[in-house]
Protein chains: 2
Amino acid sequence: MELTTAEENYLKAIYHLSDGGKKSVATNDIAAEMNTKPASVSDMLRKLGDKEVIEYRKYYGLQITETGKRFALQTIRKHRLWEVFLVEKLNFAWDEVHEVAEQLEHIQSTLLIQRLDSYLNYPKFDPHGDPIPDEFGDVRARPRVQLNEMEIDQTGQIVAVKDSSAAFLRYLDKVGAYIGARIKVLDKVEFDGSLEILVDQKKTLFMSKDVAGNILVLQS
Amino acid sequence: MELTTAEENYLKAIYHLSDGGKKSVATNDIAAEMNTKPASVSDMLRKLGDKEVIEYRKYYGLQITETGKRFALQTIRKHRLWEVFLVEKLNFAWDEVHEVAEQLEHIQSTLLIQRLDSYLNYPKFDPHGDPIPDEFGDVRARPRVQLNEMEIDQTGQIVAVKDSSAAFLRYLDKVGAYIGARIKVLDKVEFDGSLEILVDQKKTLFMSKDVAGNILVLQS
DNA sequence: ATATATATTTAGATACACCTAAATTTAAAA
DNA sequence: TTTTAAATTTAGGTGTATCTAAATATATAT
């Protein structure tokens, strides 16, 4: 069975919004995520239901099926592999890759993805630190904590961001933080939860609790 | 102004069929090339006319405009750069690249193509030996002769094939010929025009006039 | 429990890219 | 030059993916 580009995009959005199939998802939320209208979503949900990638009862929400998960993970895998390619081989900055990867993820060719994977040396994480599912859809996520939850003197490595909007990524770049940076919590202000961080043993920077909450750290 | 994927495909076909804008093209020929029906072509020609990438007078045929040529060459450039990428970086065989490149050529991102070009070291020819237009649409073609037109003892290098169907490419691979191979005409049969060819100073092979007519050689 | 608000779906349109069948125009043959 | 054949276009219709506006179902509040 084959999915159209639009169907792949909807399924991916549903997979993310449902947190990998755990939660139920609202039509309105899908519409917001996809920048379409709820009416269009209803149309599409019927189609996805017909193709049995979701289980859909109108007004009662939906559930991704196992088949649906497989398709979603395949698209996510392709998206993230292309992101690695763009950053590592074509020297894109991480705030420039999303839009292009969004197009590249729909190229249909099993061979292409196999070869790309091999060419990139079977990466396990994309440039934002998100895990890349293998060809069977298996994901090995690293245990990660939010930077704002760490205590003084604890150390680790930035491995991902929650909000990967271009604006946030540019902000991080500007202050000298990046995926892979080794960090240490120097101080934490009780009053507002803001933090003082040491980056790569040389640069200190201050950030609000909100910003820190968007940064995921692999503790060491 | 933006073209849809279908419009890009039609324009590319028209560019090729018109030999770069020189000849006039028939609706039926476009339909054959695109595997569609003449009626669909008429529809599309009207649209392409509205967008002024062709000059179209119904029943009287069409002419690519300068704008149209620019678009066509841009698409051809992208197609051929991706082919180089697939062969040189992902180890595709040259008979496997066409279908995938056909999809990749429609990815929209100027930056992507600039970076890809640079990453591939600004190649001037694709794996089939066809020239890659530069970002301004300029093509520097090599003077090439058909193998069947060469005389005994003349030498050269295979740089392109006319018929780049998967079947023909597989045939070439099988007999040990390939783009880049150095060849010498050992013998030519008057009766049917068939040839005996020395490949890479070691292997000899026989081929019909028809096969040789499909092989383009840069003489040396 | 009834009224009100919110979420969701249906109805009816539009644009794209295609189709078949019929009409029309141009070209070729008698 | 008229007839016939071939090429091309128009008419009308399909499926996909979208929209707005209206209807309906569910959830919340009085």
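Keep in mind the model is a prediction, meaning the values are calculated, not measured.

Some words on the protein's contact with DNA strand C
Inspection of the region around DNA strand C gives 20 residues, with Ser42, Tyr56 and Lys58 of chain A together with Thr4 and Ser40 of chain B positioned closest. A share of 73% is what sugar and phosphate atoms reach among the atoms of DNA strand C within 4 Å of the protein. For DNA strand C, a phosphate oxygen lies 2.6 Å from a polar atom in the side chain of lysine 58 of chain A. Between threonine 4 of chain B and DNA strand C, the recorded distance is 2.5 Å, taken from a side-chain N or O atom to a phosphate oxygen.

Side note on the UniProt feature "domain: HTH dtxR-type" (unreviewed entry) in chain A
Taking the numbering used here, the UniProt-annotated feature "domain: HTH dtxR-type" (unreviewed entry) corresponds to residues 3-65 of chain A. The straight-line gap between the two end C-alpha atoms of residues 3-65 of chain A is 15 Å; of that span, 54% is helix and 10% is strand.

So, the protein's contact with DNA strand D
Around DNA strand D lies a shell of 21 residues, among which Thr4 and Ser40 of chain A together with Ser42, Tyr56 and Lys58 of chain B are the nearest. By atom count, sugar and phosphate contribute 72% of the portion of DNA strand D lying within 4 Å of the protein. Between DNA strand D and the protein, one listed contact pairs a phosphate oxygen with a backbone N or O atom of asparagine 28 of chain B at 2.9 Å. Measuring from a phosphate oxygen of DNA strand D, one finds a side-chain N or O atom of tyrosine 56 of chain B at 2.4 Å. Mapped onto the surface near DNA strand D, the elements with two or more residues apiece are helix H1 (5-17) and helix H3 (38-50) of chain A together with helix H2 (27-34) and helix H3 (38-50) of chain B. With four residues, H3 of chain A is the single largest residue contributor to the surface near DNA strand D.

Observations regarding the sheet that holds strand S5 (residues 182-188) of chain B
Residues and elements named next belong to chain B. Strand order in the open sheet made by the six strands is S3-S8-S4-S5-S6-S7, with antiparallel pairing throughout. Of all the strands in the sheet, the pair left with one neighbour each is strand S3 (145-146) and strand S7 (203-207). Bridging between S3 and strand S8 (residues 215-219) involves two bridges; their strand directions are antiparallel. Across the sheet, glutamine 146 pairs through a bridge with leucine 216, a residue of S8. The sheet strands contacting helix H7 (residues 166-175) are strand S4 (155-161), S7 and S8, and the helix crosses S7 at an angle near 140°.

Things to note about the pattern of salt bridges
Scanning the entire structure with this criterion turns up 19 salt bridges over all chains. Taking the shortest distance from any N to any O, the salt bridge between arginine 77 of chain A and aspartate 117 of chain A comes out at 3.2 Å. Taken together, the positions of arginine 77 of chain A in helix H4 (residues 66-88) and aspartate 117 of chain A in helix H6 (residues 110-119) put the pair 40 residues apart, joining distant regions of the chain. Here arginine 144 of chain B makes a salt bridge to aspartate 130 of chain B, at a shortest N to O gap of 3.8 Å. Of the two residues, arginine 144 of chain B is situated in the loop between helix H6 (110-119) and S3 and aspartate 130 of chain B in the loop between H6 and S3; the sequence distance between them amounts to 14 residues. Judged by relative accessible area, arginine 144 of chain B falls into the partly exposed class, the value being 31%. Among the charged side chains, a network of salt bridges with common partners joins Lys12, Glu102 and Glu105 of chain A.

Thoughts on the domain arrangement of chain A
Structurally, chain A comprises domain 1 (5-64) and domain 2 (145-219). Placing a centre on the C-alpha atoms of domain 1 of chain A and another on those of domain 2 of chain A gives a separation of 34 Å.

Remarks on the pairing of strand S8 (residues 215-219) of chain A
Pairing analysis gives five bridges linking strand S4 (residues 155-161) of chain A to S8 of chain A, with the strands arranged antiparallel. Each residue of the ladder has a partner; that of alanine 160 of chain A, found in S8 of chain A, is leucine 216 of chain A.

Points about the side chain of threonine 65 of chain B
Considering the arrangement of structural elements, one finds threonine 65 of chain B in the loop between strand S2 (62-64) and helix H4 (66-88). Contacts of threonine 65 of chain B, omitting those with residues within four sequence positions, involve Glu52, Val53, Ile54 and Glu55 of chain B.

Looking at the interface of chain A and chain B
The interface is formed by 20 residues belonging to chain A together with 20 residues belonging to chain B. Summed over both sides, the interface between chain A and chain B buries roughly 1700 Å², with carbon and sulfur atoms accounting for 70% of that surface. Contact with chain B buries area across many residues of chain A, yet Leu90, Arg115 and Tyr119 of chain A alone supply 30% of it, more than any other trio. Remark: the boundary between chain A and chain B carries zero salt bridges. The interface formed by chain A and chain B contains seven residue pairs in polar contact (both at pLDDT 80 or more). Among the secondary structure elements, those contributing two or more residues to the side of chain A that touches chain B are H4, helix H5 (97-104) and H6 of chain A. Per element, the largest residue contribution to the side of chain A that touches chain B is five residues, and it comes from H6 of chain A. Residues that form the side of chain A that touches chain B fall into these classes: twelve nonpolar, five polar and three charged.

Criteria and cut-off values
Residues numbered from 1 in each chain as written. Chains lettered and ligands numbered in written order. Predicted model: local features only at pLDDT ≥ 70, side-chain atom pairs only at ≥ 80, totals over all residues. Heavy atoms only, no water. Near = heavy atom within 4 Å. Polar contact = N/O pair within 3.5 Å; in protein donor to acceptor, adjacent residues only side chain to side chain. UniProt positions renumbered as here; feature names shortened; annotations may be inferred. Helix = DSSP H or I, 4+ residues; strand = E, 2+ residues; numbered from the N terminus. Pairing = 2+ DSSP bridges. Contact = heavy atoms within 4.5 Å. Axes fitted to C-alpha atoms, helices over the stretch in contact; angles between N-to-C directions. Salt bridge = Lys/Arg side-chain N within 4 Å of Asp/Glu carboxyl O. Buried < 20%, exposed > 50% of the residue type's maximum accessible area, 1.4 Å probe, protein only. Domains from an automatic or database assignment. Buried area = accessible area lost by both parts, 1.4 Å probe. Nonpolar A, V, L, I, M, F, W, Y, C, P; charged D, E, K, R; others polar.

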